Amino acid sequence: MHSTDIPIWFFIGVLLIAYGALILGYGLYELGTGTMAVQNYHASIWWGGLLLALGLFYGVRFRPSRNG
Amino acid sequence: MFGLVPHAISAAGSPSAAALFAGLGAPSLAHLRPLDIAVIAIYFVMVIWIGFYLKSKANTSEEFFMAGREMTAWIAGLSFVSANLGSLELMGWAGSAYQYGILAAHWYWIGAIPAMLFLGMVMMPFYYVCKTHSVPGYLKLRYGQGSSTVAAVSFAFMTVLMSGVNMFAMAEVMKIVLGWDLNFSIIVSSLAVAAYVALGGLRSAIFNEVLQFVLIWGGALLVPILGLVETGGWTGFKARLAQNIANGVTPAGDYTHMWRSMGHFADNPMGIHWTGIVFGLGFAISFGYWTTDFLVVQRVLAANSLRSARLAPVIGSFFKMAVPFIVILPGLLGLVVLQNSDGSLMHLVGENVVAAHPGAGLHSYNEVLPLMMVRYLGPGLLGLGITALIAGFMSGMAGNVSAFTAIFTYDIYQPHIVKHARDEHYVLVGRIVTIVGVIISIGAAYLVMNAAGIMDYVQALFSFFISPLLGVVLLGMFWKRATRQGGFWGLLIGTLTSIGLWAWVKADPSALRYVAISPDAKDMAENMYRALWSVSTSVGVNVIVSLFTKPKPLSELTSVVYGVTPLPTEEPVPLYKNEWFWTAIAIVIFFALNIYFW
């Protein structure tokens, strides 16, 4: 890859940030309204949070300006 | 199974494509909420963004067809394993795990790992050093234009057909799982694939495969985790399963061991024997697919150095070993956690039973993964799971189309139609062929829609070529004496052997006892032994013909044959970057898994 390229990991980071924010946000909303299904084990919160954290890591670590 | 399933491996025994659809229940399994739709829409925006971004990186033929040979070991490795991680494969093997137990993991471990490591450590130097653009390209260097053209034409034809089958498969699954219209799914997915492959070439296809890989793990990993939490871990699962079997609510069987019931064909529900698993699946089919199918090898050829090219399949092998966690385990967990609306244990059944009782609310084995997703995944997460399935289908289509484009342009168009043109001409041809490939795929999708039985024939067609090709490539790579005529006749007679055995069993099912050497053998065993016979025939014929014909001078074999190819000396690297070190680790884990689940 050329040094000025946007790495695939940055795209993945952006995607995970979007997904993590949406899913975590919905999980928190569910928690607030008490509509969580029993078998979910609050998965939206911790899985959404995990996706968001990974997304932030990849998004920041591989942001294009670092490689430019 | 078909589509993204490895062609040869799919033919080796996962549920048939026609059966997969025949059995899926009529009402849609899941209902998406706006949040789920948003998750899916974001994915489509992302892939188109990537396609447009990469357009400027695909100006030369080397960039368009080979991704500029700039892929790191990680990207090539994830793409390599992702090209084989399709949605129908996930669904089909999860269903097989529900039906047969952990035996299904053979297709992920012995049916993949040894071949992947062999490709990386032994074969990759020859593919890489000779700078071939494709597997038929290697055949041209080693055996001449004849064998290369035969392999290229058959591969191009099958690949584009498979892409269409894939497209139809995705549309059908989306209709059944979500209730989406078939035409809508076909048009949207094909437009997206055509756009990002025509724009960005192989690099775009590879990027999307890596994206798909992340999505599949992000969308599917939660299911087994929550399933294990609910059952109290692996031990708790086994206890609940044993209780269900003792109570007679689950059919008796050994669901949690891989090798104990392999002593005789009649001892296991798949009707297979360890010799078929080890030599048929573990060698003839697996090596054929992982080392000679251009669809997967193309990903590794795009690596940025020989070390990366060798490391890529090794990296892929670790993830391949982990795939049963998101495929086999959900199928097994479904045996004890899936419930009907009245709280009783749900019993999934065969496709024929579902078809015979329409409206009875029955679900087939192949629906176990969507059912588990619906059970555990709430809004947003379900959208992520569905996006993972869509991404799997689309990247599979993109893989087929990009491989078709490279093979057609390099191995058919360039040597036979326009031999000496400017580089830009071939890139333009590549972009046009991509669009044409997608259009043919759409035609094939509608053809299959009107004649579902064709799908299983397409699978069989792939299996005819893969194993004989393995024999020809292996002998060509490791035996200097193999001749042009030996390669051609080995490939031809090996293929005819495979077709002949298949037709024999098709015409007379009792012939299976001869092909698989046991009256207790079942369909899956036939595929394994047929592959074994065809690779043996291919090698045998190649050896005999070669001994009676004139070999190429050694000077013409430099860089394509073991013993006359000077391999470049690689810079010493720390142990943690050394491919042999990671290969050794992969071998240890491979044996540990098989022993643990013995």
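Note that this is a predicted model, so its numbers are computed, not measured.

Chemist: Could you clarify how one ought to interpret the overall build of chain A in this entry?
Modeler: Looking only at helices and strands, chain A has 3 helices and 0 strands in total. Out of the 68 residues in chain A, the part that is buried amounts to 34%. Partitioning the intrachain contacts of chain A with sequence separation of at least 6 by distance along the chain shows that 73% fall at a separation of at least 24.

Chemist: I would appreciate a short explanation of the overall build of chain B in the present structure.
Modeler: Helix and strand content of chain B: 25 helices and 0 strands. The C-alpha atoms of chain B give 23 Å as radius of gyration, which agrees with the globular expectation for 598 residues (25 Å, within 12%). Taken along its principal axes, the extent of the C-alpha atoms in chain B is 75 × 55 × 55 Å. Partitioning the intrachain contacts of chain B with sequence separation of at least 6 by distance along the chain shows that 85% fall at a separation of at least 24.

Chemist: Would you explain the interface of chain B and chain A in this entry?
Modeler: Accessible area lost when the parts come together is the quantity often used to give the size of an interface. Tallying the contact residues gives 25 residues for chain B and 19 residues for chain A. Elements supplying a minimum of two residues to the side of chain B that touches chain A: α3 (34-55), α10 (182-220), α11 (222-231), α18 (368-376) and α19 (381-416) of chain B. Residue contributions to the side of chain B that touches chain A peak at 7 residues, all from α3 of chain B.

Chemist: Honestly, the packing of helix α13 (residues 274-292) of chain B against helix α24 (residues 523-547) of chain B in this entry has me stumped. Any pointers?
Modeler: Packed helix pairs are characterised by how far apart their axes lie and by the angle those axes make with each other. Residue and element names in this part refer to chain B. It is at 8 Å that the axes of α13 and α24 come closest, and there the two elements cross at 65°. Regarding α13 and α24, the two cross each other, and that crossing is left-handed. For the pair formed by α13 and α24, the contact residues are Gly276, Phe279, Gly280, Leu281, Ala284, Ile285 and Gly288 on the first element and Ala525, Met528, Tyr529, Ala531, Leu532 and Val535 on the second. A per-class count over the contact of α13 with α24 returns 10 nonpolar, 3 polar and no charged.

Chemist: Is there a simple way to think about helix α6 (residues 87-100) of chain B in this case?
Modeler: A turn of α-helix holds 3.6 residues, and therefore any two residues three or four places apart point the same way. Residues and elements named next belong to chain B. Taking 1.5 Å of rise per residue, the 14 residues of α6 would be expected to cover 20 Å, and the 20 Å separating its terminal C-alpha atoms lies within 8% of that figure. Most of α6 is tucked away, with 14 of its 14 residues classed as buried. Positive backbone phi, approximately 85°, marks glycine 101, located one or two places after α6.

Chemist: I would appreciate a short explanation of helix α2 (residues 43-61) of chain A in the present structure.
Modeler: Here α2 of chain A is 19 residues long and its end C-alpha atoms lie 26 Å apart, about the 27 Å a rise of 1.5 Å per residue gives. Along α2 of chain A, the residues that are buried comprise Ala43, Ser44, Trp47, Gly48, Leu51, Leu52, Gly55 and Tyr58 of chain A. Looking straight down α2 of chain A, one finds its buried side chains confined to an arc of 140°; they lie on one side. Structural note: α2 of chain A exposes Val60 and Arg61 of chain A on the side pointing more than 90 degrees away from its buried face. Its buried side turned inward, α2 of chain A meets α1 (8-33) of chain A together with α10, α11 and α19 of chain B.

Chemist: Please clarify how the environment of glycine 396 of chain B should be interpreted in this entry.
Modeler: All names here are of chain B. Relative to the helices and strands, glycine 396 resides in helix α19. Given 32 C-beta atoms within 10 Å, glycine 396 falls into the buried group. For the pair glycine 396 and asparagine 84, spaced 312 residues apart in the sequence, the C-alpha separation amounts to 7.8 Å.

Chemist: Please explain the confidence of the model for chain A as it appears in this structure.
Modeler: Mean pLDDT over chain A stands at 83; residues scoring 70 or higher make up 79%. When the elements of chain A are averaged for pLDDT, helix α3 (residues 64-67) of chain A gives the smallest value, 65, and α2 of chain A the largest, 94.

Chemist: Any chance you could explain the packing of α3 of chain B against α10 of chain B here in plain terms?
Modeler: Residues and elements named next belong to chain B. Relative orientation of the contacting elements α3 and α10 amounts to 80°, with a least axis distance of 8 Å. Taken together, α3 and α10 sit at an angle that is classed as roughly perpendicular. On α10, the residues that touch Phe44, Val47, Ile48, Ile50, Gly51, Phe52, Leu54 and Lys55 of α3 are Ala192, Ala195, Tyr196, Leu199, Gly200, Arg203, Ser204, Phe207 and Asn208. Within the contact of α3 with α10, the residues separate by chemical class into 11 nonpolar, 4 polar and 2 charged.

Chemist: Explain the nonpolar core here, please?
Modeler: Proteins that are soluble and globular tend to have nonpolar side chains buried together. One finds Val193 and Ile407 of chain B to be the most contacted residues of the largest nonpolar core, which totals 220 residues. If near-sequence neighbours (up to four positions away) are discounted, valine 193 of chain B is found in contact with Met394, Met397, Ala398, Val401 and Val438 of chain B.

Chemist: Explain the environment of serine 498 of chain B here, please?
Modeler: All names here are of chain B. Counting through the fold element by element, serine 498 comes out in helix α22 (residues 484-507). Along the sequence, serine 498 and valine 314 sit 184 residues apart, while their C-alpha atoms lie 30 Å from each other. Sequence-distant contacts of serine 498, that is, excluding residues within four places in its chain, are made with Ser463, Phe464, Ser467, Pro468, Arg530 and Ser534.

Chemist: Explain the confidence of the model for chain B here, please?
Modeler: Residue and element names in this part refer to chain B. Confidence along chain B averages 85 in pLDDT terms, with 94% of residues attaining 70 or more. Across chain B, helix α25 (residues 579-596) holds the top mean pLDDT of 95, while helix α1 (residues 7-11) sits lowest at 36. Here residues 1-26 scores under 50 on pLDDT; set against residues more than four positions off or in separate chains, the count is 114 contacts. Quick note on the complex model: pTM equals 0.87, ipTM equals 0.90.

Chemist: Would you explain unusual backbone geometry in this entry?
Modeler: Glycine aside, a negative phi is what most residues show, and trans is what most peptide bonds show. Residue and element names in this part refer to chain B. Positive phi, normally seen in glycine, also occurs at alanine 67, with a value near 55°. Here alanine 67 lies in the loop between α4 (61-66) and α5 (73-82). A positive phi angle is found at isoleucine 517, which is not glycine, with a value near 50°. On the secondary structure map, isoleucine 517 appears in the loop between α23 (512-515) and α24. For isoleucine 517, a count of 14 C-beta atoms within 10 Å puts it in the partly exposed group.

Reading guide: rules and limits
- Residues numbered from 1 in each chain as written.
- Chains lettered and ligands numbered in written order.
- Predicted model: local features only at pLDDT ≥ 70, side-chain atom pairs only at ≥ 80, totals over all residues.
- Helix = DSSP H or I, 4+ residues; strand = E, 2+ residues; numbered from the N terminus.
- Buried ≥ 20, exposed ≤ 12 C-beta atoms within 10 Å, placed from the backbone.
- Contact = placed C-beta atoms within 7 Å.
- Rg over C-alpha atoms; globule rule 2.2 N^0.38 Å.
- Axes fitted to C-alpha atoms, helices over the stretch in contact; angles between N-to-C directions.
- Left-handed = near helix turned anticlockwise from the far one by under 90°.
- Nonpolar A, V, L, I, M, F, W, Y, C, P; charged D, E, K, R; others polar.
- Expected span 1.5 Å × (residues − 1).
- Arc of directions from axis to C-beta.
- pLDDT = per-residue confidence, 0-100.
- Parallel < 35°, antiparallel > 145°, perpendicular 65-115°, else oblique.
- Core = buried A, V, L, I, M, F, W, Y, C linked by C-beta atoms within 7 Å.

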